[in-house]
Amino acid sequence: MSLLRVDKVGKNFGGLAAVDCVSFSVGEGEILGLIGPNGAGKTTLFNLITSTFAPTGGRLLFRGESIAGLAPHSIVRKGICRTFQNIRLFPRMTALENVMVGRHPRSGAGIWGGVLRTRRQRNEEADIREKSGELLALMGLSGCGDLTAGKLPYGHQRRLEIARAMAAEPKLLLLDEPAAGMNESETREIQSLILAIRGMGVTVLLIEHDMSLVMKVCDRLVVLNFGRKIAEGAPAEIRANPEVVEAYLGREEEGEDGDA
Amino acid sequence: MFAEQLINGITLGSIYAVVALGYTLVFGVLDIINMAHGEIFMFGAFVGMLIATKAHAPLWAAFLGAIAVTGLMGYMLERFALRPLRGRQGGSALAPLISTIGVSILLENSAHKLFGAGNQLFETPFAEIRFEVGPVTVYLVQAVILAIAVILMAGLSLWLYKSKAGKGLRATAENLDTAGLLGVDTTKIITATVVIASSMGGVAGVLVGMAFNYINNQMGLSMGLKGLAIIIFGGMGSVAGAVAGGAILGLSETFVVAYGSSGYRDAIAFIAIIVVLLVRPQGLFGQAHPETQR
Amino acid sequence: MLVNVLLAVSIYVTLSTGQLSLGNAGFMSIGAYASAILTTAHGMPIPAGVLLGSVLAGAFGVLVGIPALRLKGVYLAIATLGFGEVVRAVFINWESLTGGAVGIAEIPQMGREILAALRESGFTPETVGLRSNQFISLSVFLILLAAAVLSTLFFLRLSSSRAGRAYAAIRMDEAAAEAAGIDATYYKVLAFSQGALLSGFAGALFAHSTSYISPADFTYHRAVEILVFAVFGGSEHLFGPVFGAMFLTAVPEALRFVSDYRYIVYGIILVLMMIFRPQGVIDQALLDRFARGGSPGGS
């Protein structure tokens, strides 16, 4: 069974179709790449899946259940988490606190718990702290826990955002250009991180412009152009698809895919 | 009776409209709600009172004096409370609001120290002159107030839409940064806007003195909040909205007092603020531009 | 006065989710009037009046807080200011209940009530070497001190817990907070009504320490005064407004000259702070420098 089914989903902004009747499925345990030129509607699709806004048409099914129209935080509770193209951390918190905030939907202490410091609250807080620390370590940020998030170097911020998303124990993780602005070695780290995340049983939907990364980590690719899906398939098929090459690869050649 | 109330309402409404125009000009250009506008208005009333009533000078001198003083106050406000906040990185949208609240409370209490707390008489030489038009009594003061208000509004509109400076101002209102890049001296335009808006407040202060015959240092606050209610009601930055909103508030207040309870007169404006903000945040004449405010 | 500390905490709580409310003077008056009316006209004991007054203010907080979600920044500030003025207009006009512009006098005073109760059980203040009025002032002071300390502790602990992290996250980036699974609607309304409840509590205690209230106690000036506490002290950390309230209340009491020009000074403070130190006197960096080893969140 597919984990997420995007079924004829569309979104209009003032008569302009940003996403137009797009359908595809993400299988459990898969790494699916979502690619396409700038303005193709990739981030809009992410915003639809996470209910930042409601689709104008179509259905979104997560584990067979419709999620369209739920509040964004309920989507997170269901098990879909995301990162943002332009990093959105809580800049004046420490790195650890950022991840601890991410733990919010997987913990339950209310006001009184927090004020009275009940045993349950203290245990939960210790658990949040421990899990968050583990995630920082996983993302290679062990030493950064007490540093202010907004002052971390750019690459660290990207990974911290992934750690925050992972803290909610998602089934499906949406990554919006995690390697943007990174150098080659940082990109390699991201690559192994994505694979490690999949290793933890998390399905990944990845928007990325770095073609070498996409080709290496993704099991399948979905290509969008002007809001429409123009192709879907294994990386090798996509690379050979003439329509894709014309719409996308032909213009944003990465050099190593020399079949243009 | 009804016709007289109508005239009272329109007179009051025209004063409100002039006050609201001061807010709307500043908001249109700077995206700032100038909380000190009401207190500048109050100072205009006091200057007018000093000249017309205490010094027995003619009314035009009162207007000129009020314009000069409030214009200067507008300059000071811009120079010392607004300009230092502009262009600062990461500045909160609330900073100018808080800073002008500071100026408002400073001015109100300075007026308290300077002029005392209670009501002060504002006498005009022709307060008792009236005409009988059929069964309706019209005071000359009302006609003068209405005429001045209309002239001000028309003059402002003409200036905004016809003159070169007015066009520069509107370009600045469209987009501050772009206007700056296009060679408009935005600092000059902003200063001029605040000065003009403030002196309009000063004129409105004298008009209120003429209309009610008494003034006090608290009137800035209540008038300020009403002006605010009007531009929220009419749409932030909209000249037509300010005029229509002023007229509507003036009329509804007058009729609530005439046919209902006078105690809730001042509450109408605030209830209007709350309702409009919730139902139609862009106001009657404002354009919807969602998610611009953070 | 320590009531100011409570008010300062109340504006901070709402602000800690990024909502600037200028309506806390209004909520304060609801708490004050409710408790005053319940204890004078209905003979309720003071603690019950204070409790009900606070709860009523909190309930109004929910009522105002839900529609207020649609408003941001400047608009919220003005709508709440409008709310405060509407409340005041109601209190002025509902004369049968509130005494109109004159207000309510002879509200049971906390200290006097305690003294009366103790007298019945045979205690006289002279046994501890105090005159009656000294004893009254002392007991009012102690009650207010306890209230201020307790509510400061309450929100201090809250801010280093799960809910407090949610508040801070919403304040810094609401969309990112939602994306991290935080129900921003719930926490914003919660913070708003907590602020309202605390203002109401402050108002009720105010009524029972002065024993006389009128609409003039809850004007725009009060709203601005509460704002000045937060702006001067700083709103990054709870200690900011608390410090602001204590400092700005203590100075005029110590210096007569300042007291005469209190609001003029407040006005100047607001402008100067916005220009030179918008984050307030006390910010996180300052606290960190003071409290090495006691970082926030250490449980």
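Residues numbered from 1 in each chain as written. Chains lettered and ligands numbered in written order. Predicted model: local features only at pLDDT ≥ 70, side-chain atom pairs only at ≥ 80, totals over all residues.

When its secondary structure is counted, chain A shows 10 helices and 10 strands. Taken over C-alpha atoms, the radius of gyration comes to 19 Å for chain A, in line with the 18 Å a tight globule of 260 residues would show. In terms of overall dimensions, chain A has C-alpha extents of about 65 × 40 × 35 Å along its principal axes. Expressed as a percentage of contacts within chain A between residues at least 6 apart in sequence, the contacts between residues at least 24 apart total 66%. (Helix = DSSP H or I, 4+ residues; strand = E, 2+ residues; numbered from the N terminus. Rg over C-alpha atoms; globule rule 2.2 N^0.38 Å. Contact = placed C-beta atoms within 7 Å.)

Looking only at helices and strands, chain B features 11 helices and 4 strands. In terms of C-alpha radius of gyration, chain B reaches 19 Å, essentially the compact-globule figure of 19 Å for 294 residues. Principal axes of the C-alpha set define a box for chain B whose edges measure 60 × 45 × 35 Å. Counting every position in chain B, which comprises 294 residues, the buried fraction comes to 50%. Taking contacts inside chain B between residues at least 6 apart in sequence as the whole, the part at least 24 apart equals 78%. (Buried ≥ 20, exposed ≤ 12 C-beta atoms within 10 Å, placed from the backbone.)

Burial within helix α8 (residues 162-172) of chain C is extensive, with 11 of its 11 residues counted as buried. C:Arg162, C:Ala163, C:Gly164, C:Arg165, C:Ala166, C:Tyr167, C:Ala168, C:Ala169, C:Ile170, C:Arg171 and C:Met172 are the residues of α8(C) that are buried. Where α8(C) is buried, its residues contact α3 (95-102) and α4 (111-116) of chain A together with α7 (132-159), α9 (174-179) and α10 (184-210) of chain C.

Below, the discussion takes up the nonpolar core. Grouped together as the largest cluster of nonpolar side chains are 272 residues, with contacts concentrated most on B:Leu207, B:Ala229, B:Ile273, C:Ala8 and C:Leu227. When residues of this core are assigned to their parent elements, the largest contribution, 15 residues, is made by α10(C). Dropping the residues within four chain positions of it, C:Leu227 is found in contact with B:Ile98, B:Ile101, C:Ile11 and C:Leu22. (Core = buried A, V, L, I, M, F, W, Y, C linked by C-beta atoms within 7 Å.)

On to the interface of chain C and chain B, then. Each partner contributes residues to the interface: chain C has 33 residues there, and chain B has 36 residues. Elements with a contribution of two residues or more to the side of chain C that touches chain B: α4 (73-93), α11 (220-233) and α14 (262-276) of chain C. Looking at the side of chain C that touches chain B, the element that brings in the most residues is α4(C), giving 13 residues. Taken together, the residues of the side of chain C that touches chain B sort by class into 26 nonpolar, 4 polar and 3 charged. (Nonpolar A, V, L, I, M, F, W, Y, C, P; charged D, E, K, R; others polar.)

Below, the discussion takes up the confidence of the model for chain A. Residues and elements named next belong to chain A. The pLDDT averaged across chain A works out to 89; a share of 95% of its residues lies at or above 70. Predicted confidence in chain A is weakest over helix α10 (residues 242-249), with a mean pLDDT of 76, and strongest over strand β8 (residues 203-207), with 96. For the stretch residues 253-260, pLDDT sits under 50, and the model shows 11 contacts to residues farther than four places along the chain or on other chains. (pLDDT = per-residue confidence, 0-100.)

What follows deals with the arrangement of the chains. For this structure, the chain pair with the highest number of contacts among 2 pairs of chains in contact is chains B and C. Spatially, chain A is disjoint from chain B: no contact exists, and the shortest C-alpha separation is 12 Å.

This part covers the packing of helix α1 (residues 2-30) of chain B against helix α5 (residues 140-162) of chain B. Residues and elements named next belong to chain B. Contact geometry of α1 with α5 gives a least axis separation of 9 Å together with a crossing angle of 35°. By crossing handedness, the relation of α1 to α5 is classed as left-handed. The segment α1 lies against α5, with Ile7, Ile10, Thr11, Ser14, Ile15, Ala17, Val18 and Leu21 engaging Gln142, Ile145, Leu146, Ala149, Val150, Leu152, Met153 and Leu156. Partitioned by chemical class, the residues of the contact of α1 with α5 number 13 nonpolar, 3 polar and no charged. (Axes fitted to C-alpha atoms, helices over the stretch in contact; angles between N-to-C directions. Left-handed = near helix turned anticlockwise from the far one by under 90°.)

Moving on: the environment of C:Ala41. Along the polypeptide, C:Ala41 turns up in the loop between α2 (24-40) and α3 (46-68). On the neighbour-count criterion, C:Ala41 (10 C-beta atoms within 10 Å) is exposed.

Once that is clear, we can look at the packing of helix α3 (residues 59-82) of chain B against helix α8 (residues 186-212) of chain B. Residue and element names in this part refer to chain B. Between α3 and α8, the least distance of the axes is 7 Å, while the angle of their chain directions is 140°. With respect to α8, the element α3 is oriented oblique. In this structure, α3 meets α8 at a crossing whose hand is right-handed. Of α8, the residues touching α3 (which contributes Ala62, Phe63, Ala66, Ile67, Val69, Thr70, Gly71, Met73, Gly74, Tyr75, Leu77 and Glu78) are Ile190, Thr191, Val194, Val195, Ala197, Ser198, Ser199, Gly201, Gly202, Val203, Gly205 and Val206. Considered class by class, the residues forming the contact of α3 with α8 number 14 nonpolar, 9 polar and 1 charged. (Parallel < 35°, antiparallel > 145°, perpendicular 65-115°, else oblique.)

Moving on, we come to the interface of chain A and chain C. Facing the 28 residues of chain A at the interface are 24 residues of chain C. Of all the secondary structure elements, the ones that give two or more residues to the side of chain A that touches chain C are α2 (72-78), α3, α4 and α5 (119-138) of chain A. Tallied by class, residues from the side of chain A that touches chain C come to 12 nonpolar, 7 polar and 9 charged.

Moving on, we get to the pairing of strand β9 (residues 220-225) of chain A. Residues in a regular strand project their side chains so that they alternate between the two faces of the sheet. Residue and element names in this part refer to chain A. Alignment of strand β3 (residues 31-35) against β9, held across 4 bridges, turns out to be parallel. Each bridged residue has a counterpart across the sheet, and for Leu34 the counterpart in β9 is Val222. In this structure, β9 lies alongside strand β10 (residues 228-233), joined through 5 bridges in antiparallel fashion. Residue pairing for β10: Leu221 is matched across the bridge by Gly233. Between the end of β9 and the start of β10, which pair antiparallel, lie 2 residues, with Phe226 showing a positive phi angle near 50°. (Pairing = 2+ DSSP bridges.)

Residue and element names in this part refer to chain B. On average, residues of chain B carry a pLDDT of 83, and 93% of them reach 70 or more. Segment residues 288-294 is flagged for pLDDT under 50; beyond a separation of four residues in sequence, or across chains, it makes 9 contacts in the model. Listed scores for the predicted complex are pTM 0.87 and ipTM 0.88.

Attention shifts here to the sheet that holds β8(A). In sheet architecture, strand pairing relies on hydrogen bonds along the backbone and comes in two forms, parallel and antiparallel. All names here are of chain A. Ordered in space as β6-β7-β8-β3-β9-β10, the 6 strands form an open sheet in which the pairing is mixed. Since the sheet does not close on itself, it has two edges, and those belong to β6 (80-82) and β10, each with one partner. With strand direction ignored, the average angle separating the axes of adjacent strands in the sheet is 20°. Along the sheet, helix α1 (residues 42-49) makes contact with β3, β6, β7 (172-176), β8 and β9, crossing β7 at roughly 150°. Packing of helix α7 (residues 184-199) onto the sheet brings it into contact with β3, β7 and β8, and relative to β8 it is tilted by some 150°.

The next subject is the sheet that holds strand β1 (residues 2-13) of chain A. Residues and elements named next belong to chain A. As summarised here, the arrangement of the 4 strands in space is β2-β1-β4-β5, forming an open sheet in which the pairing is antiparallel. For this open sheet the edge positions go to β2 (16-27) and β5 (65-66), each flanked by a neighbour on one side alone. Strand direction decides the pairing type here: β1 and strand β4 (residues 57-62), joined by 5 bridges, are antiparallel. Of the residues in β4, the one forming a bridge with Val6 is Leu60. Lying on the sheet, α1 is in contact with β1, β2 and β4; it crosses β2 at an angle near 65°.

All right, on to unusual backbone geometry then. Residue and element names in this part refer to chain A. We note that Lys8 has phi near 50°; this positive angle belongs to a residue other than glycine. The residue Lys8 is located in strand β1 in this model. For Lys8, a count of 12 C-beta atoms within 10 Å translates into the label exposed.

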